[in-house]
Amino acid sequence: RALLADPQMLLLDEPLTGLDESRRQNVLPYLELLRDEVKIPMVYVSHNREEILRLADTVFVVAKGRVQKNISLKEFEDLTQLPPVRRRDKS
C-alpha cells in the first residue's frame, strides 16, 4: 500500500517481526528487490542480524532514542560475529 502513494522514502519498522522463519525467508527477497529495483531509500529498523546483513548498506546504532554511531555493514558484521564454540574435553 505504501508504494501506491509514490513515496520518497520508506520506513520499515520491524516489518518481519512475528513471522516464522519460513515466511521471513519468503519475504526477504521481495524487500531486496524493492531495494535494488525500485531504488526508494529505506530506513529499516530491526533487531535481526540476518535481515540487517541482507538489506543494509549503512547501519545506525540507536540507544535511548538517539543515534550513537554510524557504522559500515562490515563493521556491523564484525561487531556482531559470534565467537567460535569451544568444545569441552570429556576427560
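Residues numbered from 1 in each chain as written. Predicted model: local features only at pLDDT ≥ 70, side-chain atom pairs only at ≥ 80, totals over all residues. Heavy atoms only, no water.

Quick look at the layout of surface pockets
Here is step 1 of the chain: Roughly 820 Å³ of volume is contained in the largest pocket.
Here is step 2 of the chain: The wall of the largest pocket is formed by 24 residues, among which Tyr44, Ala56, Thr58, Val59 and Phe60 lie closest to the centre.
Here is step 3 of the chain: When residues of the lining of the largest pocket are traced back to their parent elements, those giving at least two are strand 2 (42-45), helix 2 (49-55), strand 3 (58-63), strand 4 (66-72) and helix 3 (73-79).
Here is step 4 of the chain: Here the lining of the largest pocket takes five residues from strand 3, the largest share from any one element.
Here is step 5 of the chain: For the lining of the largest pocket, the class distribution of residues is 17 nonpolar, four polar and three charged. (1 Å grid on protein atoms, 1.4 Å probe; cavity = no way out; pocket = protein on both sides within 12 Å on 5 of 7 lines; lining within 4 Å. Points joined across faces, edges and corners; volume = space filled by probe spheres on them. Helix = DSSP H or I, 4+ residues; strand = E, 2+ residues; numbered from the N terminus. Nonpolar A, V, L, I, M, F, W, Y, C, P; charged D, E, K, R; others polar.)

Considering the pairing of strand 3
Here is step 1 of the chain: Across six bridges, strand 3 lies against strand 4 in antiparallel orientation. Looking at the pairing, Val59 lines up with Ile71 of strand 4.
Here is step 2 of the chain: The antiparallel hairpin formed by strand 3 and strand 4 contains two residues in its connecting segment, where Lys64 sits at a positive phi of about 55 degrees. (Pairing = 2+ DSSP bridges.)

Notes on the nonpolar core
Here is step 1 of the chain: Leu10, Leu12, Leu16, Leu28, Leu31, Leu34, Ile40, Tyr44 and Leu55 form the largest nonpolar core, which has nine residues in total.
Here is step 2 of the chain: Elements with a minimum of two residues in this core: strand 1 (10-13) and helix 1 (21-38).
Here is step 3 of the chain: Looking at which element gives the most residues to this core, the answer is helix 1, with three residues.
Here is step 4 of the chain: In this structure, Leu10 is in contact with Ala2, Leu3, Leu34, Ile40, Pro41, Met42 and Val43, ignoring residues within four places of it in sequence. (Core = buried A, V, L, I, M, F, W, Y, C linked by side-chain atoms within 4.5 Å. Buried < 20%, exposed > 50% of the residue type's maximum accessible area, 1.4 Å probe, protein only. Contact = heavy atoms within 4.5 Å.)

Observations regarding the pattern of salt bridges
Here is step 1 of the chain: Scanning the model with the defined rule gives six salt bridges in all.
Here is step 2 of the chain: Measuring nitrogen to oxygen at the nearest pair gives 2.9 Å for the salt bridge that ties Arg54 to Glu32. Of the two residues, Arg54 is situated in helix 2 and Glu32 in helix 1; the sequence distance between them amounts to 22 residues.
Here is step 3 of the chain: For Arg54, a relative accessible area of 25% corresponds to the partly exposed category.
Here is step 4 of the chain: Residue Arg54 pairs with Glu50 through a salt bridge whose shortest N-O separation is 3.8 Å. Here Glu50 and Arg54 lie together in helix 2, a separation of four residues that amounts to about one turn.
Here is step 5 of the chain: One network of salt bridges, with partners in common, ties together Glu21, Arg24 and Glu51. (Salt bridge = Lys/Arg side-chain N within 4 Å of Asp/Glu carboxyl O.)

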